[in-house]
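Chain by chain, the residues run as shown.
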Amino acid sequence: MMKALALILTLLALPAVVFADAVDEFLLSQMQRHQIPGISLAICRDGQVVRAMGYGLANVELDVPAKPETVFQTGSVGKQFTAMAVMMLVDEGKLGLDDPISKFFPDAPVTWKGITVRHLLTHTSGIKDWEGKTDIDYRKDYTEDELVQVAMTLPPDFAPGTQWSYSNTGYVLLGILVHKISGKFYGDFLTERVFAPLGMVSTRVISESDIVKNRAAGYTMEKGKLQNQEWVSPSLNTTADGSLYTTTLDLAKWDAALGSRRFLKPESYEAMWSPVQLRDDTSFPYGFAWFLDVQRHEPAIQHSGSWQGFKAAIVRYPGRKLSVIVLANLAEAEPMRLATTVAGLVESDLAWPDTHANVVDPDPVRTTRLREVLQSWAKGEPSPAMAKGLRSTNAGTAREKAGREDLQQQLATAKGFTFLAEDNVFGNGVERRGEKISRVVFYFMPGERDRRYRFFLNDKGEVADFSSEQVDAG
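Residues numbered from 1 in each chain as written. Predicted model: local features only at pLDDT ≥ 70, side-chain atom pairs only at ≥ 80, totals over all residues. Heavy atoms only, no water.

(A) Molecular detail of unusual backbone geometry. The backbone of Asp281 sits at a positive phi, close to 70°, despite the residue not being glycine. For Asp281, the position within the fold is in the loop between strand E9 (276-277) and strand E10 (283-284). Notably, Arg296 is not glycine yet its phi reads approximately 55°, a positive angle. Of note, Arg296 is situated in the loop between strand E11 (291-295) and strand E12 (298-307). (Helix = DSSP H or I, 4+ residues; strand = E, 2+ residues; numbered from the N terminus.)

(B) Looking closely at the sheet that holds strand E2 (residues 48-59). If you walk across this open sheet you meet the seven strands as E3-E2-E1-E14-E13-E12-E11, and the pairing is antiparallel. Each edge of the open sheet is held by one strand with a lone partner, namely strand E3 (64-65) and E11. On the sheet, helix H7 (residues 248-259) packs against strand E1 (38-45), E2, strand E13 (310-317) and strand E14 (322-328) and is oriented at approximately 150° with respect to E14. (Pairing = 2+ DSSP bridges. Contact = heavy atoms within 4.5 Å. Axes fitted to C-alpha atoms, helices over the stretch in contact; angles between N-to-C directions.)

(C) Focus on the pairing of E11. Counting buried positions over the five residues of E11 gives four, a clear majority of the element. Sheet analysis places E11 next to E12, joined by five bridges and oriented antiparallel. Its bridge partner lying in E12, Val294 is registered against Pro299. Linking two consecutive strands that pair antiparallel, namely E11 and E12, is a turn of two residues; a positive phi of about 55° is found at Arg296 within it. (Buried < 20%, exposed > 50% of the residue type's maximum accessible area, 1.4 Å probe, protein only.)

(D) Highlighting the side chain of Glu435. Summarising the element assignment, Glu435 is placed in strand E17 (residues 435-436). At a separation of 3.2 Å, a polar atom in the side chain of Glu435 contacts the side chain of Asn458. Ignoring anything within four residues of it in the chain, the contact list for Glu435 reads Ala387, Lys388, Val430, Asn458 and Ala464. (Polar contact = N/O pair within 3.5 Å; in protein donor to acceptor, adjacent residues only side chain to side chain.)

(E) Main features of the sheet that holds strand E19 (residues 451-457). Spatial strand order, E15-E18-E19-E20: four strands in an open sheet with antiparallel pairing. This sheet does not close on itself; its edge strands, each paired only once, are strand E15 (418-424) and strand E20 (463-470). Along the sheet, successive strands turn relative to each other by an average axial angle of 20°, direction set aside. Of the strand pairs in this sheet, strand E18 (residues 439-445) and E19 are connected by seven bridges, and their pairing is antiparallel. Bridging across to E19, Met445 finds its partner in Arg451.

(F) Here's a closer look at the pairing of E2. Both E1 and E2 contribute to a ladder of eight bridges, which runs antiparallel. Each residue of the ladder has a partner; that of Leu41, found in E2, is Met53. Once E2 ends, the chain turns through four residues before running back antiparallel as E3, passing Asp63 with a positive phi of about 60°.

Take it as geometry only, folks, not as evidence of what the structure does.
Right under this line is the structure:
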């Protein structure tokens with residue numbers, strides 16, 4: 001009887017062992033291919049960690065292995081904690097989402113008129129994402145008042161609520177706002193109200209001077225050679241746009257708290273995970289410090305981060321009660337791609353289409369039309385095949401301009417544009433830029449950098465949105 005029970009338990013454990021082996025093999029191969037020094041991974045199911053591993057080195061110079069306990073920088077993954085602090089104050093009635101920020105910054109310029117707290121949370125304020133060397137000096141220490149003064153001098157990119165454009169500046173202002181209202185530095189507020197209650201013992205604001213146990217070193221590649229991260233002034237390493245230390249184990253505790261809807265009212269979570277509505281009745285798939293996506297047929301809530309030789313990603317699949325967290329210590333690493341691929345190894349129906357698959361294109365005319373959409377977007381021109389939201393998107397920011405120029409380069413070096421797969425998501429609640437999505441179509445574009453494209457189509461076949469990511473086609 002005992003032998004039979006042992007055999008049954010062994011057979012039940014086999015799927016977990018198989019996916020664990022596949023995950024290990026995938027991550028180790030990616031680390032070797034892209035020269036990533038170290039990675040820390042956590043896979044969570046229903047609020048519990050089912051897989052936590054470290055791979056490679058946390059510190060190359062000292063030959064220190066990466067572990068689940070290794071402390072990495074979060075980059076912009078830290079924004080979701082800033083958003084949580086703001087929403088706690090909203091729930092307590094100390095702050096309103098539609099409060100004008102001039103209420104808290106009395107010297108605000110006229111260009112800030114109409115900007116609300118909600119606009120800052122959703123990157124729709126129009127406040128420029130400040131750039132190093134031209135707008136702000138990352139080697140200089142600033143007080144909070146000085147950072148506000150820098151932000152006030154930046155010319156607006158667009159009128160509040162009319163476009164979406166990522167703005168670290170906006171989240172720096174949110175951290176200062178938390179300080180103004182609570183009387184506590186935002187990092188101390190989070191420690192007291194979030195980190196300590198959840199037992200996130202390794203999560204804190206960055207400090208180069210403090211002794212931080214298990215701290216990893218950050219790296220970048222320069223002409224194929226591994227280098228240490230560049231130095232940033234201490235004060236600019238404490239701002240609320242993403243200046244936290246954390247571990248995958250701590251982020252797993254955070255994930256469990258989100259899954260149980262701890263800390264906030266249900267309507268606050270609903271607001272946090274809903275696409276932001278723009279003035280023209282379109283939308284953008286971003287809530288409060290969370291991107292809203294779909295992987296194959298499954299809705300996903302996610303965010304990535306990049307800072308000082310570190311990359312981070314957390315991807316949550318609420319319908320599956322599955323989350324994947326990846327932290328890496330290389331500026332050129334792609335943890336979001338790693339995390340979503342790992343999810344596909346855990347649950348096969350989440351796997352991305354195989355770029356090597358020889359699939360018959362069911363609609364070559366559509367393929368031609370979609371490639372023309374990319375060409376129009378790269379030139380900054382509208383296309384009849386675009387739905388309203390995509391057609392009217394033109395924030396004019398440096399980040400958007402760089403994206404269009406990058407797409408031009410991709411198209412110029414492309415060696416093909418091949419259909420991969422098509423997902424029918426009609427009725428799944430998938431939305432892009434104010435359009436209900438019926439189909440998601442996948443293509444592969446080999447070139448200098450092999451990329452996989454996704455096109456989100458409404459029921460008219462118009463392109464509501466598209467996305468791309470680099471892939472290892474081999």
